[in-house]
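The lines below spell out each chain.
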Amino acid sequence: MRFGRNDDTEPRVNLTPLIDVVFILLIFFIVSARFADERVLALELPPAAHAGATKEAHVDVRVTPGGGFEVAGESVAAEALVASLRAQRAQYPDRALRVRADRDARHGAVVRVFDAAAAAGFARVDVATRSQE
């Protein structure tokens with residue numbers, strides 16, 4: 001009588017539970033990840049200490065201290081800002097937009113101009129400054 005096991009096969013490791021755990025971890029990290037929808041409008045901000053005159057033609061937008069807007073010298077309501085900028089973009093497709101905001105203008109009004117510029121399709125937005133001389 002032989003009581004010992006005479007099996008010449010090598011022991012095997014079952015990988016199915018390991019793969020299940022890896023997939024569960026993957027699903028956990030995908031579900032728990034924070035997806036932030038951040039929209040950024042790239043700006044070329046000239047430093048005020050070295051501000052100089054530009055020779056390029058621009059489409060000018062002024063933001064008054066009271067929060068009003070002027071596009072190319074004409075007063076524009078906040079609701080019509082995007083339409084006005086689209087018209088300027090259609091008329092001058094190669095020009096950049098230059099924002100001239102008063103020192104006392106509200107930040108929200110300036111951000112509204114940046115949003116309108118993005119909606120109108122301007123690829124370049126400059127901010128006008130004065131030199132500190």
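With an unreviewed UniProt entry as reference, the protein chain is termed Biopolymer transporter ExbD, source organism Salinisphaera orenii YIM 95161. Per its UniProt entry, the protein chain bears the Sequence similarities (unreviewed entry) comment "Belongs to the ExbD/TolR family."

### What to know about the sheet that holds strand β5 (residues 125–127)
Strand order in the open sheet formed by five strands is β3-β2-β1-β4-β5, with mixed pairing between adjacent strands. The open sheet has two free edges, formed respectively by β3 (74–76) and β5, since each of these has just one partner strand. Here the strands of the sheet are splayed against their neighbours by 30 degrees on average, with no regard to which way each runs. Of the strands in this sheet, β1 (58–63), β2 (69–71), β3 and β4 (96–101) are in contact with helix α2 (residues 81–91), which crosses β2 at around 15 degrees. Where helix α3 (residues 107–120) meets the sheet, it contacts β1, β2, β4 and β5, and its direction lies at approximately 170 degrees from that of β4.

### Re the nonpolar core
With 20 residues, the main nonpolar core has Val-63, Leu-81, Leu-85, Leu-97, Val-99, Val-113 and Phe-122 as its most contacted residues. Secondary-structure elements contributing two or more residues to this core are β1, β2, α2, β4 and α3. Residue contacts for Leu-85: discarding those within four places in its chain leaves Val-61, Val-71, Leu-97, Val-113, Ala-116, Ala-117, Ala-120 and Phe-122.

### Brief notes about the pattern of salt bridges
This structure, assessed with the given rule, holds four salt bridges. As a salt-bridge pair, Arg-100 and Asp-60 come within 4.0 Å of each other at their nearest N and O atoms. Taken together, the residues Arg-100 in strand β4 and Asp-60 in strand β1 connect sequence positions 40 residues apart. The exposure class assigned to Arg-100 is partly exposed, which follows from its relative accessible area of 38%. Taking relative accessible area as the criterion, Asp-60 reaches 24% and is therefore assigned partly exposed. With a closest N to O distance of 3.1 Å, Arg-62 and Glu-70 form a salt bridge.

Calculation rules
- Residues numbered from 1 in each chain as written.
- Predicted model: local features only at pLDDT ≥ 70, side-chain atom pairs only at ≥ 80, totals over all residues.
- Heavy atoms only, no water.
- UniProt positions renumbered as here; feature names shortened; annotations may be inferred.
- Pairing = 2+ DSSP bridges.
- Helix = DSSP H or I, 4+ residues; strand = E, 2+ residues; numbered from the N terminus.
- Axes fitted to C-alpha atoms, helices over the stretch in contact; angles between N-to-C directions.
- Contact = heavy atoms within 4.5 Å.
- Core = buried A, V, L, I, M, F, W, Y, C linked by side-chain atoms within 4.5 Å.
- Buried < 20%, exposed > 50% of the residue type's maximum accessible area, 1.4 Å probe, protein only.
- Salt bridge = Lys/Arg side-chain N within 4 Å of Asp/Glu carboxyl O.

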